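Single-letter residue listing:
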Amino acid sequence: MRKLHLLVLIVTLCSATFAQNISSDLRHQIDVVAADVLAKTGVPSASIAIVQEGKIAYLQAYGDARLDRRTPARPDMRYSIGSVSKQFTVAAVLLLQEQGKLSLDDKVAKFIPNLTRANEVSIRQLLSHTSGYQDYWPQDYVMPMMLQPVTAEKIMDGWARKPLDFDPGSKWQYSNTNYVIAGVIVEKASGMPLLQFLREKVFTPLGMKSVANIDQETLTATDPTGYMRYALGPVRPAPKEGKGWLFAAGELAMPAEDLARWDISIMDQRLLKPASYRQMETEVLLSDGVGTQYGLGVEVGAEEGHRTIGHSGEVSGFTAQNTIFPDDRAAVVVLTNQDAVNASGQIAHAITPLLFPTADAATNERLAQARRIFDGLQHGTIDRALFTANANFYFSEAALKDFAAGLAPLGSPQEFSQINQELRGGMILRRYSVKFAQRTLRAWTFEMPDGKLEQYQIAPVD
């Protein structure tokens, strides 16, 4: 608990000059989430940006950016964003398509003819990870060869000139090799280095002023150190990849604020044409019609009932999570300075429900009622006046005995909380989390317009 308080104190001391356009209650909830995750995981620091109503509403940093000479993290520090970089490579490809210099349906052979089955693999399949080219870096650590410099040509020699892992378009498999190939295609089609193209066409127009190319340079003494750990051992500085290994697949570092600016540009469709954004954000289907939950450089899905596009990222010493809610004009950016741990994702997923509260005037009363009903079920009893005829039919004597037999041994819940609520079939569906020392259950109710309960169900967490 002392560590959590210390992290919150660091937050308070280093945040005064940055955007603070959210309520004090939401700010406190976000601070507690971040501090709690850092304390539990041991990750040194996190930098967070929150977008609401299409504007940056909150910038904050937590913990220590550097441990050798303890340096508090600041929101203006640059963190490596890992594979979140891929969506910028996608943007370069889409811009070149708008210029008529390539097409997503062009075959790789048009630009790099000597790769395996290059006359069958399309650029779209590269960007959607459906090409079949084998991933050159699935590991969560830096292998000895990766400490030495490499070229894109060498990576393609080693991984894009061997047999494909599957026929193009038939499967989805994440592969950094796809993006090295895509980066080379961008350079051939544009006639300039990838990073020069991105600076001229993306970063400068969007006001992203602090982006670094860590594929060719290292972060400075004013940026965080990247860390790693062996199992539960101490945190140690992570090794740096050799030049060339991150090209087009994970080469960017930036403050959370700059990544938030990028997210806002997607909401506003500021950089690309609407048709290009549709291509980026549309789920790619395999040849058999199965969905991949992936577009072009972004995962596509839903969270808390809201459409999402986003991506996680990892390079040596850093992890990242970037989630955009385009229909709600909101986004959550979380950058951390330790690899092989999902603290960034944990923080982002915990913040999301805070941005989309579903409570109503009756929430607290219904929560207390749900807790009382649960206690009754542990003893095999219910107040039948609370339920509809259908629900009372469901709660037969045999059912009540089963509820009691399964729930009574668990004892009193340590925590009983509402997760969310929504309308369903003319009723209010409320979902609850019921936490015990050794396990967590989920409970959910259907509430009729007159307040009676049509359903009360309990099950293990999936």
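On a predicted model such as this, the values are computed, not experimentally measured, just so you know.

Asker: Please explain the pairing of strand β9 (residues 299-303) as it appears in this structure.
Answerer: Along a regular strand, successive side chains alternate from one face of the sheet to the other. Here five bridges tie β9 to strand β10 (residues 306-315), and the two strands are oriented antiparallel to one another. Counterpart to A302 in the pairing with β10 is R307. Connecting β9 to the antiparallel partner β10 that follows it, the hairpin turn spans two residues, and E304 within it adopts a positive phi of roughly 55°.

Asker: Please clarify how the pairing of strand β12 (residues 330-336) should be interpreted in this entry.
Answerer: For β12, the tally of buried residues reaches seven of seven residues, placing the bulk of the element in the interior. Side chains A330, V332, V334 and T336 of β12 all project onto a buried face; the interleaved residues A331, V333 and L335 project onto the opposite face, where all are buried too. Two elements, strand β1 (residues 45-52) and β12, share six bridges in a ladder whose sense is antiparallel. Paired with A49 across the strands is V333, a residue of β12. As judged from the seven bridges shared by strand β11 (residues 318-325) and β12, these two strands associate in the antiparallel manner. Residue pairing for β12: I324 is matched across the bridge by A331.

Asker: Sorry if this is basic, but what is going on with the sheet that holds β11 here?
Answerer: What holds strands together in a sheet is hydrogen bonding between their backbones, with the strands either parallel or antiparallel. Sheet architecture is open: seven strands sit in the order β3-β2-β1-β12-β11-β10-β9, paired in antiparallel fashion. What marks the edges here is a single partner per strand, and that holds for β3 (71-72) and β9. Here β10 runs beside β11; their pairing, made up of seven bridges, is antiparallel. Residue V315 lies in a different strand from β11, and its bridge partner there is F318.

Asker: What's the story with the packing of helix α3 (residues 86-98) against helix α7 (residues 194-203) in this structure? I'm lost.
Answerer: The angle between the axes and the distance between the axes are what describe a pair of packed helices. Two elements in contact, α3 and α7, have axes whose closest approach is 10 Å; the angle formed by their N-to-C orientations is 80°. As judged from the angle between their axes, α3 and α7 are roughly perpendicular. On α7, the residues that touch F88, T89, A92, L95 and L96 of α3 are L194, F197, L198, K201, V202 and F203. A breakdown of the residues in the contact of α3 with α7 according to their chemical character gives nine nonpolar, one polar and one charged.

Asker: Please clarify how the sheet that holds strand β5 (residues 212-213) should be interpreted in this entry.
Answerer: Sheet architecture is open: three strands sit in the order β4-β8-β5, paired in antiparallel fashion. Strands with a single pairing partner mark the edges of an open sheet, and in this sheet they are β4 (79-80) and β5. Of the pairings in the sheet, the one linking β5 to strand β8 (residues 252-254) comprises two bridges and is antiparallel in character. Each residue of the ladder has a partner; that of A212, found in β8, is A253.

Asker: Please explain the pattern of salt bridges as it appears in this structure.
Answerer: Two side chains bearing opposite charge may form a pair once their charged atoms approach each other closely. Using the criterion set out here, one finds 22 salt bridges in the structure. Two residues, R261 and E257, come together in a salt bridge whose shortest N-O distance is 2.8 Å. Placement of both R261 and E257 in helix α8 (residues 256-268) is noted, with a separation of four residues, approximately one turn of the helix. In this structure R261 comes out as partly exposed when scored by relative accessible area, which is 32%. R307 is the partner of D327 in a salt bridge, and the nearest nitrogen-oxygen pair spans 3.0 Å. Residue D327 is located in the loop between β11 and β12, and its partner R307 is located in strand β10; the two are separated by 20 residues in the primary sequence. With relative accessibility at 53%, the residue D327 sits in the exposed group. Look at R307 and you get partly exposed, because its relative accessible area is 33%.

Asker: What exactly am I supposed to notice about empty space enclosed by the protein here?
Answerer: Unoccupied space between atoms shows up once a probe the size of one water molecule is rolled over them. Summed over the entire model, instances satisfying the criterion amount to one cavity of 30 Å³ or more. Quantified by volume, the largest cavity comes out at close to 30 Å³. Lining the largest cavity are R366, Q369, A370, I373, Y432, T445, L453 and Y456. Looking at the lining of the largest cavity, the elements that each hand over two or more residues are α11 (363-378) and β16 (453-460). Ranked by the residues each element gives to the lining of the largest cavity, the list is headed by α11, at four residues. Among the residues making up the lining of the largest cavity, the classes are represented as five nonpolar, two polar and one charged.

Asker: Hey, could you run me through the side chain of D135 in this one?
Answerer: Among the secondary structure elements, D135 is positioned in the loop between α4 (123-127) and α5 (152-159). This buried residue, D135, is left without a salt bridge; K86 holds the nearest opposite charge, at 7.2 Å. Every residue in contact with D135, bar those within four places of it in the chain, is listed here: W159, Y174, S175, N176 and T177.

Calculation criteria
- Residues numbered from 1 in each chain as written.
- Predicted model: local features only at pLDDT ≥ 70, side-chain atom pairs only at ≥ 80, totals over all residues.
- Heavy atoms only, no water.
- Pairing = 2+ DSSP bridges.
- Helix = DSSP H or I, 4+ residues; strand = E, 2+ residues; numbered from the N terminus.
- Buried < 20%, exposed > 50% of the residue type's maximum accessible area, 1.4 Å probe, protein only.
- Axes fitted to C-alpha atoms, helices over the stretch in contact; angles between N-to-C directions.
- Parallel < 35°, antiparallel > 145°, perpendicular 65-115°, else oblique.
- Contact = heavy atoms within 4.5 Å.
- Nonpolar A, V, L, I, M, F, W, Y, C, P; charged D, E, K, R; others polar.
- Salt bridge = Lys/Arg side-chain N within 4 Å of Asp/Glu carboxyl O.
- 1 Å grid on protein atoms, 1.4 Å probe; cavity = no way out; pocket = protein on both sides within 12 Å on 5 of 7 lines; lining within 4 Å.
- Points joined across faces, edges and corners; volume = space filled by probe spheres on them.
- Lys, Arg positive; Asp, Glu negative; His and termini not counted.

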